[in-house]
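Close look at the chain arrangement
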Amino acid sequence: MVKIIGIVGSPRKEGNTYTLVKEALIAAENVGADTELIHLGNAEIEPCIACDICKSTGECSIYDDMQDITSKLQEAHGIIIGSPVYFGNVTSQIKMFMDRSRPLRIDFKLKNKVAGAISVGASRNGGQETTINAIHQFLLIQDAIIVGDGAPKAHYGGTGVGGAKEDCESDEIGLETSRNLGTRVAELTFKINK
């Protein structure tokens, strides 16, 4: 069975980013994937302290929820990361997650995992692409395989508009691009893992 992990990087419990990542995972399930949603807003994640212990041991010296999250990412075949736009970039929750993933990069444990990004801004051109670009850079450094949302939009990933909590529930473009991304991540994951 193919497993796809969806990561919600919003500090809000079930806001717009949650809505779009959930839509992507439902689309992946429709292709036959098993999915799991990880909400970083509910996780205890401390910032990286640059101790470099992971370079020698392969494990982070900080014991919090990152051990469980990195374990799940290693077992997964695909990853979808979602973040709201905070000043044109990812949230602090996503940034801490990225920084703390260094043990995964030491021997490229995310290599060839199919991955994509979703972002929600306050307007249609509200920083979604720069936020997705930050997620893509992280995934490239981890040696993952990045996909966008595919036809008919064929952009960087899922892009939603949301100022109020429920805005993305009626954002047809955001819903469509997120579903397309989930479908693409699942389809390519199945092809690679035959």
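Refer to the structure printed above.
The present account deals with the structure reproduced in this document. (Residues numbered from 1 in each chain as written. Predicted model: local features only at pLDDT ≥ 70, side-chain atom pairs only at ≥ 80, totals over all residues. Heavy atoms only, no water.)

What follows concerns the overall build of the protein. What the protein contains, in helices and strands, is seven helices and six strands. N-terminal to C-terminal, the α/β element order of the protein is β-α-β-α-α-β-α-α-β-α-β-β-α. Over its C-alpha atoms the protein spans a radius of gyration of 15 Å, differing by no more than 12% from the 16 Å that the globule rule assigns to 194 residues. Within the protein, the fraction of its 194 residues that count as buried is 49%. Long-range pairs, those at least 24 residues apart, make up 77% of the contacts in the protein between residues at least 6 apart in sequence. For the protein, the exposed area adds up to about 9,100 Å²; of that, 49% sits on carbon and sulfur atoms. When the 20 basic and 25 acidic side-chain charges of the protein are each reduced to a single mean position, those positions are 5 Å apart. (Helix = DSSP H or I, 4+ residues; strand = E, 2+ residues; numbered from the N terminus. Rg over C-alpha atoms; globule rule 2.2 N^0.38 Å. Buried < 20%, exposed > 50% of the residue type's maximum accessible area, 1.4 Å probe, protein only. Contact = heavy atoms within 4.5 Å. Areas by Shrake-Rupley, 256 points an atom, 1.4 Å probe, with all protein chains shown as cover. Lys, Arg positive; Asp, Glu negative; His and termini not counted. Charge placed at Lys NZ, Arg CZ, Asp CG, Glu CD.)

As defined by bridge partners, strand 1 (residues 3-8) adjoins strand 2 (residues 34-39) across six bridges and the pair is classed as parallel. Across the sheet, Ile-7 pairs through a bridge with Ile-38, a residue of strand 2. Taking the sense of rotation as the criterion, the β-α-β connection linking strand 1, helix 1 (residues 16-31) and strand 2 turns out right-handed. (Pairing = 2+ DSSP bridges. Right-handed = clockwise from strand over helix to strand, strands pointing away.)

This part covers helix 6 (residues 128-141). The end-to-end C-alpha distance of helix 6 is 20 Å, a good match for the 20 Å that 14 residues give at a rise of 1.5 Å each. In the core, the buried residues of helix 6 are packed alongside strand 3 (78-84), helix 4 (92-100), strand 4 (114-121), strand 5 (145-146) and strand 6 (158-161). Two residues or fewer after helix 6 comes Asp-143, characterised by a positive phi angle close to 70°. (Expected span 1.5 Å × (residues − 1).)

A separate point is the nonpolar core. Counting 26 residues, the largest nonpolar core has Ile-7, Leu-40, Ile-69, Leu-73, Ile-81 and Phe-97 as its most contacted members. Elements represented by at least two residues in this core include exactly strand 1, helix 3 (66-75), strand 3, helix 4, strand 4 and helix 6. A per-element tally of this core places helix 6 first, with five residues. By size, the runner-up hydrophobic cluster in this structure holds 19 residues, among which are Ile-4, Ala-24, Ala-28 and Leu-175. (Core = buried A, V, L, I, M, F, W, Y, C linked by side-chain atoms within 4.5 Å.)

You can see Lys-55 is positioned in helix 2 (residues 53-57). Taking C-alpha positions, Lys-55 is 6.9 Å from Ile-106, a pair spaced 51 residues apart along the chain. Excluding anything up to four places from it in sequence, Lys-55 contacts Arg-102 and Ile-106.

This part covers the pattern of salt bridges. Taken as a whole and assessed by the stated rule, the structure comprises 10 salt bridges. Ionic pairing is found between Arg-100 and Asp-64, a salt bridge with its closest N-O pair at 2.8 Å. Highlighted residues: Arg-100 in helix 4 and Asp-64 in the loop between helix 2 and helix 3, separated in sequence by 36 residues. The exposure class assigned to Asp-64 is buried, which follows from its relative accessible area of 16%. (Salt bridge = Lys/Arg side-chain N within 4 Å of Asp/Glu carboxyl O.)

A few words on the side chain of Ser-178. Mapped onto the secondary structure, Ser-178 falls in helix 7 (residues 172-192). Within the structure, Ser-178 has its side chain in polar contact with the backbone oxygen of Gly-174 (distance 2.9 Å). In this structure Ser-178 touches Leu-20, Ala-24, Ile-118 and Gly-158, once residues within four positions along its chain are discounted. (Polar contact = N/O pair within 3.5 Å; in protein donor to acceptor, adjacent residues only side chain to side chain.)

We now examine the state of the cysteines. Covalent bonding between the sulfur atoms of two cysteines is what defines a disulfide. Scanning the entire structure with this criterion turns up zero disulfides. With no disulfide of its own, Cys-51 lies 6.3 Å from the sulfur of Cys-60, the closest cysteine sulfur. Taking the relative accessible area as the measure of exposure, Cys-51 reaches 35% and is therefore partly exposed. (Disulfide = S-S within 2.5 Å.)

Between helix 1 and helix 7, the least distance of the axes is 7 Å, while the angle of their chain directions is 40°. Comparing their axes, helix 7 and helix 1 come out oblique. Crossing of helix 1 over helix 7 shows right-handed handedness. Taken together, the residues of helix 7 that come into contact with helix 1 (itself represented by Thr-19, Leu-20, Glu-23, Ala-24, Ala-27, Ala-28 and Val-31) are Gly-174, Leu-175, Ser-178, Arg-179, Gly-182, Thr-183, Ala-186, Glu-187 and Phe-190. Here the residues of the contact of helix 1 with helix 7 are counted per class, giving eight nonpolar, five polar and three charged. (Axes fitted to C-alpha atoms, helices over the stretch in contact; angles between N-to-C directions. Parallel < 35°, antiparallel > 145°, perpendicular 65-115°, else oblique. Left-handed = near helix turned anticlockwise from the far one by under 90°. Nonpolar A, V, L, I, M, F, W, Y, C, P; charged D, E, K, R; others polar.)

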